[in-house]
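Here are the chains, one letter per residue:
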Amino acid sequence: MMNRYEIIIYWSMEDQAFVAEVPELPGCMAHGATYEEALVQIQSAMELWIETAREYNDPIPEPKGRRLAFA
């Protein structure tokens, strides 16, 4: 299910890093020095977000089926 969420990756001048966000999972963000590192980090963040939501019986949004990655 994780790989069905939209992922947006962009360069942040302020942070001097690539930032990755998952809009459907509120607050789920990560960063990396490279595009690839940001992608790896966001996948880990998504796993933790979903695991935590399950632990606290919080709702987990259904993926909309779109997956985008911008740089």
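Here the structure is a predicted model, which is why all the values come from computation and not from measurement. (Residues numbered from 1 in each chain as written. Predicted model: local features only at pLDDT ≥ 70, side-chain atom pairs only at ≥ 80, totals over all residues. Heavy atoms only, no water.)

S.K.: What's the story with the overall build of the protein in this structure? I'm lost.
M.R.: When you go through the protein residue by residue, the secondary structure sums to 1 helix and 3 strands. Relative to all contacts within the protein whose residues are 6 or more apart in sequence, the contacts with residues 24 or more apart total 42%. Accessible area of the protein: about 4,800 Å², with a carbon and sulfur share of 52%. (Helix = DSSP H or I, 4+ residues; strand = E, 2+ residues; numbered from the N terminus. Contact = heavy atoms within 4.5 Å. Areas by Shrake-Rupley, 256 points an atom, 1.4 Å probe, with all protein chains shown as cover.)

S.K.: Would you explain the environment of Pro59 in this entry?
M.R.: Take Pro59: it is sitting in the segment after α1 (35-55). Contacts of Pro59, omitting those with residues within four sequence positions, involve Trp49 and Ala53.

S.K.: Even after reading the chapter, I still don't get unusual backbone geometry, so can you show me in this structure?
M.R.: Of all residues except glycine, most have a negative phi; of all peptide bonds, most are trans. Even without being a glycine, Gln16 presents a positive backbone phi close to 55 degrees. Examined against the element boundaries, Gln16 turns out to sit in the loop between β1 (8-12) and β2 (17-21). The backbone of Asn57 shows a phi angle near 55 degrees, a positive value even though the residue is not glycine. With respect to the secondary-structure elements, Asn57 resides in the segment after α1. Of the residues examined, Asn57 reaches a relative accessible area of 70% and is grouped as exposed. (Buried < 20%, exposed > 50% of the residue type's maximum accessible area, 1.4 Å probe, protein only.)

S.K.: What am I meant to see in the packing of aromatic side chains here?
M.R.: Under the definition given, this model contains 2 aromatic pairs. Ring plane angle 70 degrees and centroid distance 5.0 Å describe the contact between Trp11 and Phe18, whose orientation is recorded as edge-to-face. Among the aromatic residues, those joined into a ring-pair cluster are Trp11, Phe18 and Tyr35. (Phe/Tyr/Trp six-rings, centres within 6.5 Å; stacked < 30°, edge-to-face > 60°.)

S.K.: Got a minute to help me understand the nonpolar core in this structure?
M.R.: Here is a general trend for soluble globular proteins: nonpolar side chains tend to be buried in one another's company. Membership of the largest hydrophobic core comes to 14 residues, with the highest contact counts inside it found for Val22, Cys28, Ile42 and Met46. Broken down by secondary-structure element, the contributors of at least two residues to this core are β2 and α1. For this core, the element with the highest residue contribution is α1, accounting for 5 residues. Discounting chain neighbours no more than four positions away, the residues touching Cys28 are Ala20, Glu21, Val22, Ile42, Ala45, Met46 and Trp49. (Core = buried A, V, L, I, M, F, W, Y, C linked by side-chain atoms within 4.5 Å.)

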